[in-house]
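Per-entry structural report
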Amino acid sequence: MRPLNLCINIFSGFIYEQQITMLLLRRTVQAGKHGRSFSASQTLLSERKGLVLGVFEKEGEEGGLHLTEAAAGFDQTLSGKLSELLKISGPTLKQGKSRIFYGIHKDFPCVAVVGLGKTTAGVCGSENWDTSKENVRQAMSAGCRLLQDLEVKHVEVDGCGDAQSAAEGAGLGLFQYDQLKSKKKNKVTTQLHGSADSAGWQKGVTYAEGQNLARMLMEAPANHITPTAFANTIEKKLAPHAERVTIHKRSQAWIEQQQMGAFLSVSRGSEEPPVFLELHYNGSPDSKQAPLLLVGKGITFDSGGISLKPSPSMDAMRADMGGAATVCASIVTAAALKLPVNIIGLAPLCENMPSGKATKPGDVVVAKNGKTIQVDNTDAEGRLVLADALCYGHTFNPRAIVNVATLTGAIDVALGSAATGVFTNSDWLWEQLQKASVVTGDRVWRMPLFQHYTRQVTDCQLADLNNVGTYSRSGGACTAAAFLREFVTAPHWAHLDIAGVMSNKDEVPYLRKGMSGRPTRTLVEFAAGLVHKG
């Protein structure tokens, strides 16, 4: 007996006897009403195309499968061969599980089939996301990566009834930061298969590209993404949308003129000059429409300053500009989508480094609004740069303010990587953010803004505020949010602490290990939702 070595490579590792092998082989290559015979090996060598299809678990039928519309159409062209292979190739494909079939179709030498879970999946109240959308993202990501590993160059992707989510899963799953490596990952192009929803697909592609831009900025080493380089990168990304976008790269002289003493107290230890990046996206036909203001912490490298961080994992602090990365990537995405909404993005960009010029623990600095701050810990610098940016942002009379920052390790302790922590003074704003996160699967969770925490930052020996709470290790994420609230007068403000979701190990199946770019898609979905809110 010889094992099957052409038609089927079963993911679960089953090996078939020669009788089944020869039967399927004859059916695969036979001519007739389905066209001429062909050589699977020749096609593999010449075209390197692949196909990813989805299958659902059939409700109420143990071991039953329900093909998607695209998969059913493909199966029909093969006279049911795909269904037959799925039945004999092992256990029912559960959600996220995959099998690859070789040589069953002349146009697609490699076909990956991935389980989508149950057809009845939908919005899950306990999980706070749309399970069906997440299943599609996970499945299409898994299938595309399987084919990428086989060095397939072009993959057609099943829309699975939700072309946007399929495109997001494919685009996010295939992303790999390897710009600085001599040996690069196989690049794969994708397109929609078996669906007419090209608009949904393209929207998903754009959403994924936005998050991947944030991932690229966060993953790149700090000597490549300095404050100046960051601003230049965003400027290039926005160049195709110049008719709707205005960019200001504010210099240190301008920052000093604006009396942003808190921001300057962080940047002064570094040889790299700070940049205050200001983006105006004018998407609304009503030029007088109040803008949405997005503010992102932009520490391109955080050593901790004089309050130096421990050396293990300090390299990850190249991503401490994750807030600025996600904010700017969201605006690039909004511009690409031509969202009819006005958005202003602010990103105070600098490094936090120790030197003879660096701020010392116990120093007192003056913020843009005149409040004095005792800096007891120079590693609590993000709130300082955000304080001045928030003060400046109020001058635009925004409809809502959302600031995003990798602000505290405490939020990672509290929530881990499951959700972004949201602190807000507005129930309305919370509802909009939460609604958007259910759609994207990049979840948010509301945290408290009690006066209990405010008292811990206003109880200060030398100044109006202390940049760390009285009980520094207790409720650290909450005292940081309370500090920021001292620089906010707008009725609709939210602070998103993204330190816990900054990177991905294996928690989000459709993201590889590395910097995550979260919650870019949630910010875009949130902005898009405001279009209908007047």
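Here the structure is a predicted model, which is why all the values come from computation and not from measurement.

**Details of the nonpolar core**
Ranked by internal contacts, the top residues of the largest apolar core, which has 63 residues, are Leu217, Phe230, Leu277, Val402 and Leu496. Setting aside chain neighbours within four positions, we find Leu496 in contact with Val402, Asn403, Val404, Ala405, Thr420, Gly421, Val422, Leu433, Pro519 and Leu523. If you look at the next biggest cluster of nonpolar residues, it comprises 49 residues, including Val365, Ala387, Leu390 and Tyr453.

**Thoughts on the UniProt feature "domain: Cytosol aminopeptidase" (unreviewed entry) in the protein**
Mapped onto this numbering, the UniProt entry gives "domain: Cytosol aminopeptidase" (unreviewed entry) at residues 377-384. Secondary structure content for residues 377-384 is 38% helix and 0% strand, while the C-alpha to C-alpha distance between its ends is 11 Å.

**Some remarks on the packing of helix H8 (residues 227-238) against helix H11 (residues 322-337)**
One can describe the packing of H8 onto H11 by two numbers: an axis separation of 10 Å at closest approach and a directional angle of 15°. If you check the angle between H8 and H11, you find them roughly parallel. The chirality of how H8 crosses H11 is right-handed. When H8 is examined against H11, the residues Phe230, Ile234, Lys237 and Leu238 are found in contact with a partner set consisting of Ala324, Ala325, Cys328, Ile331, Val332 and Ala335.

**Concerning the pattern of salt bridges**
Using the criterion set out here, one finds 23 salt bridges in the structure. Where Glu127 meets Arg443, a salt bridge forms, and the shortest distance between an N and an O atom there is 2.9 Å. In this pair, Glu127 sits in the loop between strand S6 (123-124) and strand S7 (129-130) while Arg443 sits in the loop between helix H14 (427-440) and strand S19 (444-446), placing the two residues 316 residues apart along the sequence. Overall, Glu127 belongs to the partly exposed group, its relative accessible area being 34%. Where Asp427 meets Arg446, a salt bridge forms, and the shortest distance between an N and an O atom there is 2.9 Å. Here Asp427, found in helix H14, pairs with Arg446, found in strand S19; they are 19 residues apart in sequence, far enough to count as distant. Look at Arg446 and you get partly exposed, because its relative accessible area is 31%.

**Brief notes about the packing of aromatic side chains**
Overall, the coordinates contain eight aromatic pairs when judged by the stated rule. An angle of 65° between the planes, with centres 6.3 Å apart, marks the rings of Phe74 and Phe108 as edge-to-face. Remark: Phe108 occurs in strand S5 (residues 108-118) and Phe74 occurs in helix H3 (residues 69-77); sequence separation between them is 34 residues. Through successive ring pairs, a cluster of aromatic residues spans Trp254, Phe263, Phe276, Tyr392 and Phe396. Looking at Lys371, its charged tip hangs above the ring of Phe487, at a distance of 5.9 Å from the centre. The cationic tip of Arg443 hangs over the ring face of Trp129; the distance from NZ or CZ to the ring centre is 4.0 Å.

**What about the sheet that holds strand S16 (residues 372-375)?**
The strand order across the open sheet formed by three strands is S15-S16-S20, and the pairing between neighbours is mixed. Only two strands of the sheet have a single partner each, and these edge strands are strand S15 (363-366) and strand S20 (465-466). Relative to S20, S16 runs parallel, the two being bridged by two bridges. Paired with Gln374 across the bridge in S20 is Asn466.

**Description of the environment of Arg485**
Residue placement: Arg485 occurs in helix H16 (residues 476-485). Arg485 gets classed as partly exposed once you look at its relative accessible area, which sits at 28%. Note: C-alpha distance between Arg485 and Asn425 (60 residues apart in sequence) is 8.7 Å. Setting aside residues up to four positions removed in sequence, Arg485 forms contacts with Asn425, Leu449, Gln451 and Trp493.

What counts and how
The written sequence of each chain sets the order in which its residues are numbered from 1. Totals for whole chains, interfaces and linings use every residue, but because this is a predicted model, local features are given only for residues with pLDDT of at least 70 and side-chain atom pairs only at 80 or more, for both listing and counting. Excluded from the side-chain calculations are hydrogens and water; all other atoms, namely the structure's heavy atoms, are used. Throughout this description, the term nonpolar core refers to a set of buried Ala, Val, Leu, Ile, Met, Phe, Trp, Tyr and Cys residues connected via side-chain atoms within 4.5 Å. Here's how the labels work: a residue is buried when its accessible area is under 20% of the maximum for its type, exposed when over 50%, partly exposed in between, all with a 1.4 Å probe on protein chains only. We call two residues contacting when some pair of their heavy atoms lies within 4.5 Å. UniProt positions are given in the numbering used here, feature names are shortened, and annotations may be inferred rather than shown by experiment. Counting from the N terminus, the helices are DSSP H or I runs at least four residues long and the strands are E runs at least two residues long. Between N-to-C directions, angles span 0 to 180 degrees; the directions come from axes that are lines fitted to C-alpha atoms, helices contributing only their stretch in contact. The scheme is simple: roughly parallel for angles under 35 degrees, roughly antiparallel for over 145, roughly perpendicular for 65 to 115, oblique for anything else. Two helices crossing with the near one rotated counterclockwise from the far one by less than a right angle form a left-handed crossing, whereas a clockwise rotation gives a right-handed crossing. Criterion for a salt bridge: a side-chain nitrogen of Lys or Arg within 4 Å of a carboxyl oxygen of Asp or Glu. Here a Phe, Tyr or Trp ring, Trp counted by its six-membered ring, pairs with any other such ring whose centre lies within 6.5 Å, and the pair is stacked when the planes are under 30 degrees apart, edge-to-face when over 60, and tilted otherwise. Charges are assigned to positions over rings by a cutoff of 6 Å between ring centre and Lys NZ or Arg CZ, combined with an angular limit of 35 degrees from the ring normal. Between any two strands, at least two bridges found by DSSP are needed for them to pair.

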